[in-house]
Structures are given as structure tokens and as C-alpha cells.
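These are the residues of each chain, in order.
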Amino acid sequence: MFRCPRKCGQPDCRNLTAPGSRWCPAHVDDNFLTRQRAAYNQQRRKNVPWSNWYNLGWWRRSSKWFLRKPEHAICEWIDSKTGEKCTRAAVLVDHKIPHRGDWNLFANEHNWQGLCTHHHSQKTASEDSGFGNPSKNEEKEVPAQPFKPRVTGV
Ligand SMILES: [Zn+2]
Ligand SMILES: [Zn+2]
């Protein structure tokens, strides 16, 4: 079906949209909505009282020790669709269940896994979108992410 090309959703951009998109190719990944969301998430992260837990000497030592173990040296991400394991080196300790300020979840090494930067940012992005109470529209904007261990009632 032919549809008249529309103007890109980014203000001041005069390009026409790519088919099926509200953005021109230059603004698909970088537009006022993605920037707004990134700024919002950054602010949320800064305001949380547990943001400095990651600066604790204890955390730095423990996470380094954790990643030195052979079973956590490789990224533990498993693609939920294909079941394939990631083969990159793990560089970050991630919480399987988002701790959201719960010290017991934060400090419990059974809730830790080693991730590569790629999968960590992918996971963080999906968790941030569930942060607080996003509107239905906002949720539609975020592409589906494979990671799904959501704790109910949090
Ligand atoms: Zn544009
Ligand atoms: Zn990975």
C-alpha cells in the first residue's frame, strides 16, 4: 500500500520519514523522544539513594573477585529466543533480579551474573523503561527486550 511520505517527527527536521517510521533515517535512533527518555532515566538513576552503593570498596572488591571466577568470566547472557549463549568476556556484575534499593538483593552474590557491556546496556535499557509508571505510549516506543525476570509486586 502506498502512503504519502510524512515529515520526520523531529522538530526542525525537514526530511521525510522512512516507510513505516515516524522518523527520517537520520533520526530513528536519535530524536527528541529518545533524548528525553535518556535524560529522564539518568535523572532517576542519580536521585536514587543506592546509586553510591556501587562506589563502596566492598562492591568494587567483590565484583572484581566475582568476575575472576572461571564460571563468571564469560558473559552469562542467554538469548531467550535462540537459547544461544553470549561468548564475550564478562566485564560487569549485574543483578539478575533488579535490586531497586533492596540491600539483600544487591549484596547477594547468588543474584549476580557477569555480563558484557553490550548485554548489560541492553538489559539496563529494558529495566529503565519499566522504572516507575511509564505511560502506555511510552511502553509502545520501547522495543521488546528478551530479558524478563520481573519481580511482581515491586
Ligand atoms: Zn529527521
Ligand atoms: Zn554478552
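Read on for a plain summary of the structure. Every residue gets a number counted from 1 within its own chain, in the order that chain's sequence is written. Here every chain gets a letter starting at A, and every ligand a number starting at 1, in the order they are written. Residue-level local features of this predicted model are given only where pLDDT is at least 70; pairs of side-chain atoms are given and counted only at 80 or more, and the full residue set underlies all totals for whole chains, interfaces and linings.

In this section: the overall build of the protein chain. Labels follow the DSSP assignment, with helices taken as runs of H or I lasting at least four residues and strands as runs of E lasting at least two, numbered in each case from the N terminus. A count of helical and extended segments in the protein chain gives five helices and two strands. Of the regular secondary structure in the protein chain, the N- to C-terminal order runs α-α-β-α-β-α-α. Exposure criterion: with C-beta atoms placed from backbone coordinates, a residue whose C-beta has 20 or more other C-beta atoms within 10 Å is buried, one with 12 or fewer is exposed, and one in between is partly exposed. Looking at the protein chain as a whole, 12% of its 154 residues qualify as buried. Our contact criterion uses C-beta atoms placed from the backbone: two residues qualify when those atoms are within 7 Å. Sequence separation of at least 24 residues holds for 42% of the intrachain contacts in the protein chain that already meet a minimum separation of 6.

What follows concerns the pairing of strand β2 (residues 112–115). Side chains Trp-112 and Gly-114 project from β2 onto one buried face, and the interleaved Gln-113 and Leu-115 project onto a second face that is buried too. If DSSP finds at least two bridges between two strands, the strands pair. Relative to β2, strand β1 (residues 92–95) is paired through four bridges, and the arrangement is antiparallel. Within β2, the residue paired with Leu-92 across the bridge is Leu-115.

Before going further, it helps to examine the nonpolar core. Soluble globular proteins tend to bury their nonpolar side chains together. Cys-75, Trp-77, Ala-90, Leu-115 and Cys-116 form the largest nonpolar core, which has five residues in total. Beyond its immediate chain neighbours, meaning those up to four positions away, Ala-90 contacts Leu-67, His-72, Ala-73, Ile-74, Cys-75, Glu-76, Gly-114, Leu-115 and Cys-116. Think of a nonpolar core as buried Ala, Val, Leu, Ile, Met, Phe, Trp, Tyr and Cys residues chained together by C-beta atoms that fall within 7 Å.

Between its terminal C-alpha atoms helix α2 (residues 57–68) stretches 17 Å, which fits the 16 Å expected from 12 residues at 1.5 Å a residue. Sparse coverage of α2 is indicated by the burial of zero of its 12 residues. One less than the number of residues in a helix, times 1.5 Å, gives the span that helix is expected to have.

Inspection of the secondary structure puts Leu-115 in strand β2. Each C-alpha atom of the pair Leu-115 and Ala-73 lies 8.7 Å from the other, and the pair is 42 residues apart in sequence. Other than its neighbours up to four places away in sequence, Leu-115 contacts Cys-75, Glu-76, Trp-77, Ala-90, Leu-92, Asp-94, His-120 and Lys-123.

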